[in-house]
Amino acid sequence: MENTILSHKQIQHKIKRISYQIYEANVEEKEIIIAGIDGVGLKLAKKIQSVLRKITDAEIVLCKVNMDKKNPLNSEVKTSISVSNYENKSIVLVDDVLNSGTTLIYGVHHFLKTPLKQLKTAVLVNRNHKKYPVKADYKGISLSTSLQEHVHVVLEGSNDRVFLD
């Protein structure tokens, strides 16, 4: 059974709020890298990029982060932009749901191999079932769910929604 957690309108509000928080933390920056983890995380990153472009003159660079989410330890994390393009820059790593923290921690690990100005994380849903010491600096909603429940984030134009099953 689908149990709606966030409606399209609520998601748009959360994205706008997250974007303003990112802007406030980077108000002096001339360039901000929004690194979206491939899949729904990248879709969320694009939406954040779109809002940021309306509220700041800083260059908002979108970076696609590829990894094997099921087995990140044995796969290489790759980015759509070269290391030199994000070295000494402010980066926000974006994913849709922070569940165990596996995807986010391996994404963070990849970026920490390079000198950065700052690295923050953003998620639409924070689930509180972390296996790793990673946190979301910017989050849309925090949920306390059972391990058997699954959070689905759907970002499809005017039919965006978050639901639990």
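Since we're looking at a predicted model, the values are computed, not measured.

A. Up close: the overall build of the protein. A tally of regular secondary structure across the protein gives four helices and nine strands. Overall, the protein shows an N-to-C arrangement of helices and strands of β-α-β-α-β-β-α-β-α-β-β-β-β. Here the C-alpha radius of gyration of the protein, 15 Å, is about what a compact globule of 165 residues would show, namely 15 Å. Taking the principal axes of its C-alpha atoms as reference, the protein extends roughly 45 × 40 × 25 Å. Counting all 165 residues of the protein, 47% fall into the buried class. Only carbon and sulfur atoms are counted for the fraction: they give 48% of the accessible area of the protein, which is about 8,600 Å². Computed over 24 positive and 18 negative side-chain charges, the inter-centroid distance for the protein is 2 Å.

B. Quick peek at the sheet that holds strand β1 (residues 3-6). In space, the three strands of this open sheet follow the order β1-β9-β8, with antiparallel pairing throughout. The open sheet has two edge strands, β1 and β8 (151-154), and neither has a second partner. In this sheet, adjacent strand axes meet at a mean angle of 30 degrees when their direction is disregarded. Note: β8 against strand β9 (residues 161-164), four bridges, orientation antiparallel. Residue pairing for β9: Val154 is matched across the bridge by Arg161. Helix-sheet contacts for helix α1 (residues 8-25) involve β1 and β9, and the interaxial angle to β1 is about 30 degrees.

C. Broad picture of the pattern of salt bridges. Summed over the entire model, instances satisfying the criterion amount to five salt bridges. The salt bridge partner of Glu29 is Lys117, with a shortest N-O separation of 3.3 Å. Separated by 88 residues along the polypeptide, Glu29 in the loop between α1 and β2 (31-37) and Lys117 in the loop between α4 (102-111) and β6 (118-126) bring together distant segments of the chain. With relative accessibility at 54%, the residue Lys117 sits in the exposed group. Close ionic contact of Glu31 with Lys89 constitutes a salt bridge, the shortest N to O distance being 3.1 Å. Pair noted here: Glu31 is in strand β2 and Lys89 is in the loop between α3 (83-86) and β5 (90-98), with a separation of 58 residues, a long-range link.

D. Summary view of the sheet that holds strand β3 (residues 59-66). In space, the six strands of this open sheet follow the order β4-β3-β2-β5-β6-β7, with mixed pairing throughout. Where the open sheet ends on each side, the last strands, each with one partner, are β4 (78-79) and β7 (138-142). Note that β5 and β6 share eight bridges and pair parallel. Note on β6: the bridge partner recorded for Val92 is Lys120. Along the sheet face, helix α2 (residues 40-55) touches β2, β3, β5 and β6 and points at about 180 degrees away from the line of β3.

E. Quick look at the nonpolar core. Counting residues in each nonpolar core, the largest one holds 28 residues, and the members touching the most others are Ile34, Ile48 and Val125. Taken together, the elements giving at least two residues each to this core come down to α1, β2, α2, β5, β6, β7, β8 and β9.

Reading guide: rules and limits
- Residues numbered from 1 in each chain as written.
- Predicted model: local features only at pLDDT ≥ 70, side-chain atom pairs only at ≥ 80, totals over all residues.
- Heavy atoms only, no water.
- Helix = DSSP H or I, 4+ residues; strand = E, 2+ residues; numbered from the N terminus.
- Rg over C-alpha atoms; globule rule 2.2 N^0.38 Å.
- Buried < 20%, exposed > 50% of the residue type's maximum accessible area, 1.4 Å probe, protein only.
- Areas by Shrake-Rupley, 256 points an atom, 1.4 Å probe, with all protein chains shown as cover.
- Lys, Arg positive; Asp, Glu negative; His and termini not counted.
- Charge placed at Lys NZ, Arg CZ, Asp CG, Glu CD.
- Pairing = 2+ DSSP bridges.
- Axes fitted to C-alpha atoms, helices over the stretch in contact; angles between N-to-C directions.
- Contact = heavy atoms within 4.5 Å.
- Salt bridge = Lys/Arg side-chain N within 4 Å of Asp/Glu carboxyl O.
- Core = buried A, V, L, I, M, F, W, Y, C linked by side-chain atoms within 4.5 Å.

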